[in-house]
Amino acid sequence: MKTFNKLIVKIVQLMPKSLVRVFSNRYIAGDTLKDGVVFVQKLNSKNILATMDVLGEAISTKEEAIEAKNEFIEVLDAIKKYQLKSNISVKASQMGILLDEKFCFEQVEEIVKKAAEDNNYVRLDMEDSTTTDKIINLHNRLREKHQNVGIVVQACLRRTLDDVKRLNAIGTNYRLCKGIYIEPEAISYRAKQEIRDNYLRILREMLTNGNYVGIATHDEFLVKGALAMIQELGIGKDKYEFQMLCGVREDLRDSINKQGHKIRIYVPFGEHWYQYSIRRLQENPQVAGHILKNLFSLK
Ligand code: FDA
């Protein structure tokens, strides 16, 4: 079945973008900032927080990076204007980290400064393992001057527990996720349970050191494990939140919200939706299979 689903994802990648769009709609708020704002307003009305992301990571020129930076500044303006309960999530690659690290730092710092003026917050998404050191360096340099920035770490990587021990020393604000990128076995855990065990090990390290953690997962095993750990360690509600992706496990999202835990949804929007949608489909090929069946049954 797994091979079948993987095959379906491959087929999906060969399909016209207009068709892929049909079933990627669930993962994105829309093409425009206005779509993003309306989506977040709906979440906020249910007492759910958001983190907004302007889609697009594959930039190849500094001009494109500057354009993306300006779009994030516009998002911050919109958050302020409409009094949204939302921060932003930024990809260092979109800000040019693979072109020039100094340039990237200046770009992201501009966003972080603007966010600070608005009393807002910037989360640096984590990308594939070729960028881990670069993104941690970027984060650490920003933290020398700014408090309103945090980082994502990935439980699938063997290095992460050690990274976290170092990052704890500067009081880091984390998002902890499993990690979406397919990495070589030499540097990553591959088995589902191994990743889960490492996730909980890292979470304990973060929480016992008094760090703020965005617990980003839709895995009920981890949600249950995190809740038990929070209770066992007597962690206050000001020290954690749960985080989920737009369009995934809304039942679990609502149940966490109902139990009175803070919850934040990742709200991506923008014209560059394709790459993001393919990653989400790779994560859950059953969705691709399901939708493909629906598409073929359309008369
Ligand atoms: P798992 O993949 O086991 O999913 C648990 C269950 O959730 C599945 O059984 C299914 O029911 C449902 N589900 C999960 N994904 C789905 C999908 N796409 N469609 C439909 N159902 C789905 N990664 C990264 O490398 N860098 C980053 O910066 C981030 N940022 C980030 C932010 C937030 C808020 C979240 C929630 C996740 C990320 N991720 C990420 C992605 C993360 O690394 C991971 O790939 C996904 O969260 C899936 O892992 P789960 O822990 O949800 O478990």
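Residues numbered from 1 in each chain as written. Predicted model: local features only at pLDDT ≥ 70, side-chain atom pairs only at ≥ 80, totals over all residues. Heavy atoms only, no water.

Caption draft 1: Fine view of the site of the ligand. The immediate surroundings of the ligand are formed by 26 residues, with Tyr-27, Gly-179, Thr-217, His-218 and Glu-283 found nearest. Take Arg-175: an N or O atom from its side chain is 3.1 Å from a nitrogen atom of the ligand. In the model, an oxygen atom of the ligand is placed 2.6 Å from a nitrogen or oxygen of the Thr-217 side chain. For the ligand, the accessible surface in isolation is 940 Å², of which the surrounding protein chains cover 86%. Those elements giving two or more residues to the shell around the ligand turn out to be strand S4 (149-154), strand S5 (174-177), strand S7 (240-245) and helix H11 (274-283). In terms of residues, the shell around the ligand owes the most to one element, S7, which gives three residues. Residue composition of the shell around the ligand, grouped by class: 12 nonpolar, six polar and eight charged. (Near = heavy atom within 4 Å. Polar contact = N/O pair within 3.5 Å; in protein donor to acceptor, adjacent residues only side chain to side chain. Areas by Shrake-Rupley, 256 points an atom, 1.4 Å probe, with all protein chains shown as cover. Helix = DSSP H or I, 4+ residues; strand = E, 2+ residues; numbered from the N terminus. Nonpolar A, V, L, I, M, F, W, Y, C, P; charged D, E, K, R; others polar.)

Caption draft 2: Spotlight on the environment of Ile-136. Within the fold, Ile-136 resides in helix H6 (residues 132-145). Residue classification places Ile-136 among the buried residues on the basis of a relative accessible area of 10%. In this structure, the C-alpha to C-alpha distance between Ile-136 and Ala-191, residues 55 residues apart in sequence, is 25 Å. Residues contacting Ile-136, with those up to four places away along its chain left out, are Met-126, Ile-151, Arg-159, Asp-163 and Leu-167. (Buried < 20%, exposed > 50% of the residue type's maximum accessible area, 1.4 Å probe, protein only. Contact = heavy atoms within 4.5 Å.)

Caption draft 3: Just the side chain of Gln-243, in detail. Among the structural elements, Gln-243 can be located in strand S7. Other than its neighbours up to four places away in sequence, Gln-243 contacts Arg-123, Arg-175, Gly-214, Ile-215, Ala-216, Thr-217 and Arg-264.

Caption draft 4: View of a negative patch on the surface. A surface patch of like charges, here negative, comprises Glu-63, Glu-64, Glu-67, Glu-71, Glu-74 and Glu-271. When its relative accessible area of 64% is taken as the criterion, Glu-271 is described as exposed. (Patch = residues over 30% accessible without salt bridge, like charges linked within 9 Å, V, L, I, M, F, W, Y side chains within 5 Å. Salt bridge = Lys/Arg side-chain N within 4 Å of Asp/Glu carboxyl O. Lys, Arg positive; Asp, Glu negative; His and termini not counted. Charge placed at Lys NZ, Arg CZ, Asp CG, Glu CD.)

Caption draft 5: Region of the structure containing the nonpolar core. Formed by 74 residues in total, the largest nonpolar core has its most connected members in Ile-88, Leu-138, Leu-176, Leu-203, Ile-215 and Phe-242. Ignoring any residue separated from it by four or fewer positions in sequence, one finds Leu-176 in contact with Val-153, Ala-155, Tyr-199, Ile-202, Leu-203, Met-206, Val-213, Gly-214, Ile-215 and Ala-216. Within the second largest apolar cluster, 14 residues are counted, among which are Val-12, Met-15, Ile-28 and Tyr-266. (Core = buried A, V, L, I, M, F, W, Y, C linked by side-chain atoms within 4.5 Å.)

Caption draft 6: Highlighting the pattern of salt bridges. A complete count under the given rule lists 21 salt bridges for this structure. Asp-118 is the salt-bridge partner of Lys-114, the closest N and O atoms lying 3.2 Å from each other. Of the two residues examined, Lys-114 and Asp-118, each falls in the buried class. Two residues, Asp-133 and Arg-159, come together in a salt bridge whose shortest N-O distance is 2.7 Å. One end of the pair, Asp-133, is in helix H6; the other, Arg-159, is in the loop between S4 and helix H7 (160-168), with 26 residues separating them in the sequence. Assessed through its relative accessible area of 27%, Arg-159 is described here as partly exposed. Through salt bridges that share partners, Asp-53, Lys-91, Asp-125 and Arg-175 make up one connected network.

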